[in-house]
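Coordinate inspection notes
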Amino acid sequence: ANKKNGETFAADIRRERELSLWADVFIFVYPFYLSYIPGITHSWLERVFSYGLAFGKEGDKLKGKKMMLMYSTGGPQKYAERLEKKMLFIIHDRVKFWQMTPLDPFPVYGPAIMTEEERKEALRKLGERMKILDTLPESTAATSQEHFISCLLYTSPSPRDATLSRMPSSA
């Protein structure tokens, strides 16, 4: 960061904060790691949804925006439920602290052990779930000629290819 010019954030974090002002809905897609979100997602949230944007003096810029979590687990639902409840409690508590509204999550349990039919059904359900975007109020950035919901989709990188991540490099 360039503190001489009054900038306290690295350029990529400043850009993410600017995008956060534009978005109406945030959708985070990630694998369920050790009963919590991946470190890079956690770091992004800590750096971008920080003082002055998400909380503190004049920190109400996320007020009314929505957040949805989409995650997969390594095994069946019965093995993830207890830890999942703890994670959702922590995340939803933060979302409310940031004055945002948590949307119901979309978990996919054990995609690696699903049959082809189960995968197709999960994708069908995902398509249905995404229709929630059609039910949300129009963007606060919309003009009388534009009607849309602005949505930012963040994916945690795969260990196989971190270049596909939407996370900023300094997160």
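Chains are numbered independently. Their residues run from 1 in the order of the written sequence. With pLDDT at 70 or above as the cut-off, local features in this predicted model cover only qualifying residues; side-chain atom pairs require 80 or more to be listed or tallied, and sums for whole chains, interfaces and linings still use all residues. To get the side-chain values, take all heavy atoms of the structure and skip hydrogens and water.

Once that is clear, we can look at the nonpolar core. Among the nonpolar cores identified, the biggest contains 26 residues, and Phe49, Met67, Met87 and Trp98 are the most heavily contacted of them. Runs of E in the DSSP output that reach at least two residues are strands. Runs of H or I that reach at least four are helices, and both are numbered from the N terminus. Elements represented by at least two residues in this core include exactly strand 1 (25-31), helix 2 (39-48), strand 2 (66-72) and helix 3 (77-97). The element contributing the most residues to this core is helix 3, with 5 residues. Any pair of residues with heavy atoms lying within 4.5 Å of one another is described as a contacting pair. Not counting residues within four places of it along the chain, the set of residues in contact with Trp98 comprises Leu45, Phe49, Ala54, Phe55, Leu62, Lys63 and Met67. In this structure, Val25, Met68, Val108 and Met114 belong to the second largest nonpolar core, which totals 9 residues. Take the buried residues of types Ala, Val, Leu, Ile, Met, Phe, Trp, Tyr and Cys, join any two whose side-chain atoms come within 4.5 Å, and each joined set is a nonpolar core. Throughout this description, buried means an accessible area under 20% of the type-specific maximum (1.4 Å probe, protein chains only), exposed means over 50%, and partly exposed covers the range between.

Another aspect to go through is the pattern of salt bridges. We count a salt bridge whenever a side-chain nitrogen from Lys or Arg sits within 4 Å of a carboxyl oxygen from Asp or Glu. Applying the stated criterion across every chain yields a total of 5 salt bridges. Measuring nitrogen to oxygen at the nearest pair gives 2.6 Å for the salt bridge that ties Glu121 to Arg124. Here Arg124 and Glu121 lie together in helix 4 (residues 116-130), a separation of 3 residues that amounts to about one turn. Residue Glu128 is joined to Lys131 by a salt bridge in which the shortest nitrogen-to-oxygen separation is 3.1 Å. For Glu128, a relative accessible area of 42% gives the class partly exposed.

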